[in-house]
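# Per-entry structural report
This is what each chain is made of:
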Amino acid sequence: MSVETRGLGVFLELRKRLQSGLLVVGANVAAGPADVAVSSGGDSSLLIRTPRGELSLALPAGVAFETGSCIHTPVGEPGGEELHFRLRITTERSEREGPTSMMQTLKAKETYSFHCQGCTTRLLEDRAFSRVLPLPNGNWNAIVDDWCCHPDPFANKKLLPRAEDCLLGDTFVLLARDAGCDHTLTQEVGSVGAADGQDPKKPCHRLALVSCASCSAELGEAVATGTLKLYITQVVVQPAVGDERPDASLNRSSFLEKTVAARLWDLSSSLSSFHFSLQTPDGKVVLLLWLLNADSIIASVPETCVREGGPSGPPASLSPSLRAARALKLLYISCSGASTQQREIVTSWEVNSIGHPLVLPLQVCEELLQVMDESNSTLPASMRCMRSYEVAYLRL
């Protein structure tokens, strides 16, 4: 999907582990290094002064700019006329560095409500699980022969939850269907695989797709009679408190970005895997992801948001203060629009089984690609590509 590239105003990336940062200022905001001044503001903020105005960037708690450490760093193409500055920061280590994902919040003996992320409709009766258990990772069938010295005991068998179980997959939860689902969920049989006609040798699979009865959003699948598979990108799970509904102020793109970012963080920490292959339920690879940094703090201000100062007065100030956010730095390749060099990388990933498989509906894969393309469009020209990969940040 094509996303229009934005004019660069100011871009900031800080690395907590390296205690350093990169500041990039667009050519239309400052003509030379002397036009840029960086100082520390109160309450963990960073002040960036340019002829266009003064930007105040609020930093996360425990992160502070080291006064006098900002140094201009010349760059060549494709940086063009961008101004690059290196700077130092000081950080305080917090008790928990990572985000909290939905998978980590689910615990036995606690009561939860499940809502459609699109319209906030309550989908299931409140659940108090007796067991919350992780499923084997996505490719466990491929290595089962290494576990057993006799024929595969799991052949043609599914791992299904009991009535009060919640089983956690990489991108979904498995749980038992309740009577209330008849009013909140709809189910229809859909085909995936050879139906698109692109690969006649590939078998066509039929799935029992489950959707929200209120807004028709696809939520997951009915993997067996009485068992639901709900994708974490489609539902909001929270402690059950009366008739309280999820916060509807978080738009779809932000919810998807934060949910996927938190899950990538979890998986990279637990599996020590930093390559991910985003696939549809029929195994079609849509997106390749390579997690580079999990400690980035970023802020991106478009040129149109940096106002001109008056001809005789002081530079204009942006109000309210902008906030720098924690994010994952990723390299990615869209398999559908891959160039010749990118296609070679895609083939290499397939041949060498690089990338932990993550399964999501095709529409969700396309939404995530749109989010990453949007992130890429906000980056300085010198940072949008790395080798044959595109670069994006997912905010936590």
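Whatever comes next refers back to the structure up there.
Residues numbered from 1 in each chain as written. Predicted model: local features only at pLDDT ≥ 70, side-chain atom pairs only at ≥ 80, totals over all residues. Heavy atoms only, no water.

When we look at a pair of aromatic rings, we describe it by the centre distance and by the angle of the planes. Scanning all chains against the criterion turns up four aromatic pairs. Taken together, a centroid distance of 6.3 Å and an interplanar angle of 90° make the contact between Phe114 and Phe129 edge-to-face. In this pair, Phe114 is assigned in strand 9 (residues 111–116) and Phe129 in the loop between strand 10 (127–128) and strand 11 (131–134), connecting sequence segments 15 residues apart. No difference in accessibility class separates Phe114 from Phe129, as the two residues are buried. Each ring, one from Phe172 and one from Tyr231, has its centre 6.5 Å from the other, and the planes form 80°; the classification is edge-to-face. Here Phe172, found in strand 13 (residues 172–176), pairs with Tyr231, found in strand 17 (residues 227–231); they are 59 residues apart in sequence, far enough to count as distant. One Lys or Arg, Lys229, reaches over the ring of Phe172 and ends 4.5 Å from the middle of that ring. (Phe/Tyr/Trp six-rings, centres within 6.5 Å; stacked < 30°, edge-to-face > 60°. Helix = DSSP H or I, 4+ residues; strand = E, 2+ residues; numbered from the N terminus. Buried < 20%, exposed > 50% of the residue type's maximum accessible area, 1.4 Å probe, protein only. Lys NZ or Arg CZ within 6 Å of the ring centre and 35° of its normal.)

Under the definition given, this model contains nine salt bridges. Of the charged contacts in the structure, one is a salt bridge between Glu303 and Arg52, with a shortest N-O distance of 3.4 Å. Of this pair, Glu303 sits in the loop between strand 20 (285–302) and strand 21 (316–317) while Arg52 sits in the loop between strand 4 (45–50) and strand 5 (53–58), placing them 251 residues apart in sequence. The two residues Glu303 and Arg52 agree in class, both being buried. With its nearest N and O atoms 3.4 Å apart, the salt bridge here joins Arg263 to Asp266. Within this pair, Arg263 and its partner Asp266 are both found in helix 3 (residues 252–271), separated by three residues, close to a single helical turn. One exposure class covers both Arg263 and Asp266, and it is buried. (Salt bridge = Lys/Arg side-chain N within 4 Å of Asp/Glu carboxyl O.)

Let us look at the layout of surface pockets. The computed volume of the second largest pocket comes to approximately 550 Å³. Lining the second largest pocket are 25 residues, with Val235, Val236, Leu250, Phe255 and Thr259 sitting closest to its centre. (1 Å grid on protein atoms, 1.4 Å probe; cavity = no way out; pocket = protein on both sides within 12 Å on 5 of 7 lines; lining within 4 Å. Points joined across faces, edges and corners; volume = space filled by probe spheres on them.)

By size, the foremost hydrophobic cluster in this structure holds 32 residues, and its most contacted members are Leu264, Leu287, Met372 and Leu394. Counting residues per element, the ones that place at least two in this core are strand 13, helix 3, strand 19 (275–279), strand 20, strand 23 (325–334), helix 5 (362–377) and strand 26 (389–395). The residues contacting Leu287, other than those within four sequence positions of it, are Phe276, Ser277, Leu278, Tyr332, Ile333, Ser334, Cys335, Leu368, Leu369 and Met372. Tyr112, Leu185, Ala208 and Cys212 belong to the second-largest nonpolar core, a separate cluster that totals 26 residues. (Core = buried A, V, L, I, M, F, W, Y, C linked by side-chain atoms within 4.5 Å. Contact = heavy atoms within 4.5 Å.)

At their nearest, the axes of helix 3 and helix 5 sit 10 Å apart, and the two run at 95° to each other. With respect to each other, helix 3 and helix 5 are oriented roughly perpendicular. Note on element contacts: helix 5 touches helix 3 through Val364, Glu367, Leu368 and Val371, opposite Arg252, Ser253, Leu256, Glu257 and Val260. (Axes fitted to C-alpha atoms, helices over the stretch in contact; angles between N-to-C directions. Parallel < 35°, antiparallel > 145°, perpendicular 65-115°, else oblique.)

Here the focus is the sheet that holds strand 18 (residues 235–239). Here we have three strands laid out as an open sheet, ordered 10-9-18, and antiparallel in their pairing. Across the chains shown, the open sheet's two edge strands, defined by having one partner strand only, are strand 10 and strand 18. Taken together, the five bridges between strand 9 and strand 18 define a ladder with antiparallel strand orientation. Each residue of the ladder has a partner; that of His115, found in strand 18, is Val236. (Pairing = 2+ DSSP bridges.)

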